[in-house]
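Now for the letters of each chain:
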Amino acid sequence: MVDKIFIEKLKANFSEAYRVIITNKVRTFLTALGIIFGVAAVIAMLAIGNGAEKEILAQLELVGVNNVVITPLPDNEDSSNSDEYEEVGENSEPKRFSKGLDILDALSIQKNIPSVKLVSPEIILDTYVINNGKQNSVKLIGVSPLFFKASNIDIETGSNFSEYQTSNALSVCIIGKKVEKKLFTGESALGKNIKVKNVWLQVVGIIEDKLISEKAQENLGIRDLNQDVYIPIKTFLVRYRDRKIITDNIDISNFQNQNTGPKKRFPRGNYHQIDKLTVQVNNTNELQATADVLSRMIKRRHNDVLDFEITIPIQLLKQQQKTKQIFNVVLSIIAGISLLIGGIGIMNIMLASVLERTKEIGIIRAIGATQEDVILQFLSESVLISIGGGIIGIIVGIIGAYVIQFATGIETILSINSIILSFFVAIIIGIVFGIAPARAAANKRPIEAIRDE
């Protein structure tokens with residue numbers, strides 16, 4: 001019975017609150033602006049945060065949690081400008097010779113470092129592929145069978161390279177989804193032949209479609225794996241090119257006058273046999289220690305020449321994540337300030353409403369309304385303003401999230417939890433900032449209220 005009476009009171013109070021709000025539409029809307037923008041900011045902020053988290057997880061899957069990446073540094077000085085050559089006098093020490101990053105480095109790492117789980121070398125060549133008169137630019141990648149495991153790539157159709165194909169340098173390949181769609185529109189490429197540069201290759205596998213954003217490609221040096229053609233690394237070295245084998249003609253005129261003046265160093269270009277070396281360790285906490293050991297080991301094998309670079313992709317991702325977290329904190333502060341201003345606006349307008357309605361308060365108190373009844377009536381108004389502002393804010397926030405994604409390219413993911421959270425925060429703001437005006441109204445005695453009027 002008591003609950004039924006209380007519910008009836010709530011209905012009556014909300015009905016009266018609705019009447020008051022409708023009577024002052026413009027003032028109510030201006031009051032609710034802070035709530036509207038605050039709720040919209042919360043929804044947009046959480047949508048951006050969810051999108052950033054998804055992007056980081058996707059990038060983490062691509063680069064691998066426990067991977068260390070070693071890339072060579074080619075000697076690319078401009079050989080056309082003799083002023084840039086390094087002059088070597090009688091008392092100066094000539095630059096040390098390095099054999100470059102090669103397959104032997106990969107084998108040595110796998111054999112001698114206990115924390116290493118697997119090693120995956122890569123050789124990259126920008127070239128073209130031809131099939132049925134169609135020519136497309138591709139990257140030809142020489143890899144070991146472990147490459148797909150190290151890069152978290154699943155082979156959707158077909159199979160990985162077999163030991164026989166790898167050791168015998170057979171002309172086989174695994175291609176990306178986009179290569180298949182370009183060359184074999186509407187049909188499977190499995191078992192068919194494609195011509196990459198001047199070598200015919202049989203397709204033995206197609207990798208799953210990988211969604212890689214341009215930002216990930218730029219920040220982490222990740223290729224669009226869907227447009228690559230993969231072959232066994234031995235096939236690459238035998239049938240395409242091995243940089244350790246010098247085939248270019250040597251111009252001996254450079255050495256004719258070596259005794260008549262200071263010696264000059266000529267750049268070697270890219271003398272590294274492989275272009276990338278991915279080392280996967282057993283545990284994440286061994287990443288930095290393994291990277292330090294790798295640096296010392298490879299430098300020693302390269303005659304103390306630092307012609308390589310070691311990066312830990314997960315650390316780059318953590319830096320990106322930290323930057324995005326700071327961005328989310330700033331958005332949270334903005335959203336909090338907007339909600340705070342909205343709450344202050346509600347309290348301000350409700351206090352003004354108390355002054356305007358002192359006679360009304362006095363009359364309802366005189367006919368028997370209790371302080372609780374007055375508090376409930378004014379709280380109903382503030383909560384109704386918050387509910388209205390919250391609903392409009394949800395609509396603005398959803399639209400804003402899509403606008404941000406369309407305008408900036410930043411992926412946003414809306415969640416029902418963020419919408420519910422922002423809506424309940426708006427209601428709480430209405431209750432908290434409506435208490436003081438409601439008490440101020442309830443504390444007016446009937447005779448004093450009428451006299452004040």
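Structure's up top.
The notes below deal with the structure included here. Model, not experiment: these values are computed from the prediction. Along each chain, the written sequence defines residue order, and numbers are assigned to residues from 1. Thresholds applied to this predicted model are a pLDDT of at least 70 for local features of residues and 80 or more for the giving and counting of side-chain atom pairs; totals over whole chains, interfaces and linings are not thresholded and use all residues. Remark: hydrogens and water are excluded; side-chain values derive from all non-hydrogen atoms of the structure.

### Points about helix α13 (residues 416-442)
Stage number 1. Between its first and last C-alpha, α13 extends 38 Å over 27 residues, near the 39 Å set by a 1.5 Å rise per residue.
Stage number 2. The largest bend in α13 amounts to roughly 40° and is located at Ile 435, with the proline Pro 437 lying one to four residues further along. Strands here are runs of E lasting at least two residues and helices are runs of H or I lasting at least four, both read from the DSSP assignment and numbered beginning at the N terminus. Given a helix with a known number of residues, its expected span is that number minus one, times 1.5 Å. The bend reported for a residue corresponds to the angle between axes fitted to the seven residues ending at that residue and the seven starting there.

### Brief notes about the pattern of salt bridges
Stage number 1. One speaks of a salt bridge when a side-chain nitrogen belonging to Lys or Arg is within 4 Å of a carboxyl oxygen belonging to Asp or Glu. With the rule as written, the count across this model stands at eight salt bridges.
Stage number 2. The partner of Glu 156 in a salt bridge is Lys 177, with the nearest N and O atoms 2.8 Å apart. Residue Glu 156 is located in strand β5 (residues 155-158), and its partner Lys 177 is located in helix α6 (residues 177-183); the two are separated by 21 residues in the primary sequence.
Stage number 3. The class of Glu 156 is partly exposed, set by a relative accessible area of 47%.
Stage number 4. Here Lys 177 falls in the buried class, since its relative accessible area comes to 17%. Note on exposure labels: buried denotes an accessible area under 20% of the residue type's maximum, exposed denotes more than 50%, and partly exposed covers the range between, all computed with a 1.4 Å probe on protein chains only.

### Some words on empty space enclosed by the protein
Stage number 1. Using protein atoms alone on a 1 Å grid, points that fit a 1.4 Å probe yet trap it form a cavity, whereas open point sets bounded by protein on both sides within 12 Å along at least five of seven lines form a pocket; residues with an atom within 4 Å of a point count as lining. Grid points are joined across faces, edges and corners, and a volume is the space filled by probe spheres set on the points. Throughout the structure, instances matching the rule amount to two cavities of 30 Å³ or more.
Stage number 2. Of the volumes computed, that of the largest cavity is approximately 80 Å³.
Stage number 3. The wall of the largest cavity is formed by Val 20, Ile 21, Asn 24, Arg 27, Thr 28, Thr 31, Ile 349, Met 350, Ser 353, Arg 357, Glu 381 and Ile 385.
Stage number 4. For the lining of the largest cavity, the elements supplying multiple residues, two or more each, are α1 (2-23), α2 (25-63), α10 (313-356) and α12 (371-408).

### A closer look at the side chain of Thr 127
Stage number 1. By secondary structure assignment, the location of Thr 127 is in strand β3 (residues 116-131).
Stage number 2. Judged by its relative accessible area of 10%, Thr 127 is buried.
Stage number 3. In what follows, residue pairs with any heavy atoms lying within 4.5 Å of each other are defined as contacts. With sequence-adjacent residues up to four places away left out, Thr 127 is seen in contact with Asn 136, Ser 137, Val 138, Leu 140, Val 196 and Lys 197.

### Observations regarding the side chain of Ser 422
Stage number 1. Looking at the element boundaries, Ser 422 is found in helix α13.
Stage number 2. The exposure class of Ser 422 is buried, given its relative accessible area of 1%.
Stage number 3. Aside from chain neighbours lying at most four places away, what touches Ser 422 is Val 39, Val 42, Ile 43 and Ile 394.

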